[in-house]
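Residue strings, one per chain:
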Amino acid sequence: MRVLVTGGAGFIGANFVRRTVETRPDAHVVVLDALTYAGDARSLDPVRDRVRLEVGDVADPDVVDRLVAEADLVVHFAAESHNDNSLTDPSPFVRTNVVGTFTLLEAVRRHGVRLHHVSTDEVYGDLELDDPGRFTEATAYNPSSPYSSTKASSDLLVRAWVRSFGVRATISNCSNNYGPYQHVEKFIPRQITNLLDGGRPKLYGRGANVRDWIHVDDHNDAVWAIVERGTPGETYLVGADGERSNLEVVQDLLEIFGRDRDDYEVVADRAGHDLRYAIDATRLRTELGWAPRYTSFREGLARTVEWYREHEDWWRPAKARTEARYAASGQ
Ligand code: NAD
Ligand code: DAU
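Residues numbered from 1 in each chain as written. Chains lettered and ligands numbered in written order. Predicted model: local features only at pLDDT ≥ 70, side-chain atom pairs only at ≥ 80, totals over all residues. Heavy atoms only, no water.

The protein chain is annotated in an unreviewed UniProt entry as dTDP-glucose 4,6-dehydratase of Cellulosimicrobium composti. Quoted verbatim from the Catalytic activity (unreviewed entry) field of the UniProt record, the comment on the protein chain reads "dTDP-alpha-D-glucose = dTDP-4-dehydro-6-deoxy-alpha-D-glucose + H2O". Listed under Sequence similarities (unreviewed entry) in UniProt, the entry text for the protein chain is "Belongs to the NAD(P)-dependent epimerase/dehydratase family. dTDP-glucose dehydratase subfamily." (UniProt positions renumbered as here; feature names shortened; annotations may be inferred.)

Peer 1: So what's going on with the overall build of the protein chain? Residues and values would help.
Peer 2: When helices and strands are tallied, the protein chain shows eleven helices and 13 strands. Taken over the C-alpha trace, the protein chain has a radius of gyration of 19 Å; the compact-globule value for 331 residues is 20 Å, and the two agree within 12%. Its C-alpha atoms give the protein chain principal-axis dimensions of roughly 55 × 45 × 40 Å. In the protein chain, which comprises 331 residues, the proportion classed as buried is 57%. Summarising the internal contacts of the protein chain: among those between residues at least 6 apart in sequence, 80% fall at separations of at least 24. Surface exposure of the protein chain reaches about 13400 Å², of which carbon and sulfur atoms provide 49%. The centroid of the 40 positive side-chain charges in the protein chain is displaced by 2 Å from the centroid of its 52 negative side-chain charges. (Helix = DSSP H or I, 4+ residues; strand = E, 2+ residues; numbered from the N terminus. Rg over C-alpha atoms; globule rule 2.2 N^0.38 Å. Buried < 20%, exposed > 50% of the residue type's maximum accessible area, 1.4 Å probe, protein only. Contact = heavy atoms within 4.5 Å. Areas by Shrake-Rupley, 256 points an atom, 1.4 Å probe, with all protein chains shown as cover. Lys, Arg positive; Asp, Glu negative; His and termini not counted. Charge placed at Lys NZ, Arg CZ, Asp CG, Glu CD.)

Peer 1: Could you give an account of the environment of Thr23, naming the residues involved and the relevant values?
Peer 2: With respect to the helices and strands, Thr23 occurs in helix 1 (residues 11-23). Look at Thr23 and you get partly exposed, because its relative accessible area is 44%. Here Arg19 takes part through its backbone oxygen, which lies 2.7 Å from a polar atom of the side chain of Thr23. A polar contact is formed between the side chain of Thr23 and the side chain of Arg24, at a distance of 3.1 Å. (Polar contact = N/O pair within 3.5 Å; in protein donor to acceptor, adjacent residues only side chain to side chain.)

Peer 1: Talk me through helix 7 (residues 216-229); I want residue IDs and the actual numbers.
Peer 2: With 14 residues, helix 7 extends 20 Å between its outermost C-alpha atoms, agreeing within 8% with the 20 Å of an ideal straight helix rising 1.5 Å per residue. Counting buried residues along helix 7, eleven of its 14 residues qualify, which places the element largely inside the surrounding structure. For helix 7, every residue scored as buried is listed here: Val216, Asp217, Asp218, His219, Asn220, Ala222, Val223, Trp224, Ala225, Ile226 and Val227. (Expected span 1.5 Å × (residues − 1).)

Peer 1: Could you give an account of the UniProt feature "domain: NAD(P)-binding" (unreviewed entry) in the protein chain, with specific residues and numbers?
Peer 2: According to UniProt, the feature "domain: NAD(P)-binding" (unreviewed entry) maps to residues 4-303 in the numbering used here. Helix makes up 39% of residues 4-303 and strand 17%, whereas the separation of the span's terminal C-alpha atoms amounts to 29 Å.

Peer 1: Help me get a handle on the site of ligand 2, residues and values and all.
Peer 2: By nearness alone, 25 residues border ligand 2, and Thr120, Asp121, Tyr147, Arg270 and His273 come closest of all. Measuring from an oxygen atom of ligand 2, one finds a side-chain N or O atom of Tyr147 at 2.6 Å. Between ligand 2 and the protein, one listed contact pairs an oxygen atom with a side-chain N or O atom of His273 at 2.6 Å. With the chains in place, 95% of the 690 Å² that ligand 2 exposes on its own is no longer accessible. For the shell around ligand 2, the secondary structure elements donating two or more residues are helix 6 (187-196) and strand 8 (202-204). (Near = heavy atom within 4 Å.)

Written as structure tokens, this is what we have:
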């Protein structure tokens, strides 16, 4: 099988590519990635002899058409992915997330290629902290940020291309991922690398906001389950019952590092900060037989800390400029 992976040099995409190569010897993988600040070709080093990397833009119709024409399956991860950046400058989010997905849809339509579109639970907006409910496939779209609104737009384009043109596409909406090779701008790697540098974790607001954490390998196993056993045209929610407040995550990390549980710093809150995300993944579990392998968040977190401890050469180059960007907005 010839698999085109967009955004395959980013966090989830690179983990997907490595896992695919390791578990599917018959897969021929091509990565299309623009290598923005968030993409890193070194994340593919362990499998470079089995993967072709094409540096290019998912919103460029010529390169996309050429690569889709050679593929049996496209798995679409490429996106601008960070909420804070979308508040500073939304324009690349519209171009990559909306125009990029449109460009890909037109190419898979022309060539009759199967598409899996990787999306986020943030398309549903947020829940109150004390709401007993969780997001399901039937929850109405209600995105809050420039990032999540462009992801919602991309999902709606996929749904329209399925209905209007018969494109064979599935969508997954996943909760917050953690694991190796995640950019240091994101919450967990930012705090781990602050702690490795002897600094303090930085909490937005009081740390009451809740995220539903899933290990990146569990997410990627779900993507393969949907590709292999899902129904084209359908949407599947991906989550591993990992709800935790940001304060709880920071205190877990402080404990892992043997530091005082209150040794963190409160910084400026995010504008429009979503309160809580929570996924009901019943459909994925019952219809497709998927289950997470990382059932202890604390254990997955400790392994992630070890990965960052052992891979300083990977994260160090991005750390100072990322912190300089945060400092400019009081974060
Ligand atoms: P990331 O920012 O780590 O990686 C994004 C990758 O896309 C990078 O390699 C980047 O170079 C590439 N890219 C950006 N613009 C491009 C363009 N115009 N053309 C080609 N490549 C481009 O993101 P991630 O966290 O790995 O997220 C991957 C996907 O999963 C995104 O679609 C995101 O919305 C979705 N998602 C992420 C999470 C999460 O917790 N990180 C959860 C659910 C869904
Ligand atoms: O829910 C899925 C989404 O999860 C994905 O679609 C996004 O691509 C991904 O970035 C993530 O979005 P969040 O905004 O939830 O993730 P982030 O890592 O930016 O922040 C997680 C929480 O931690 C959020 O409530 C903000 C808070 N935070 C973040 C940073 C960077 C802090 O308290 N301190 C920080 O330094």
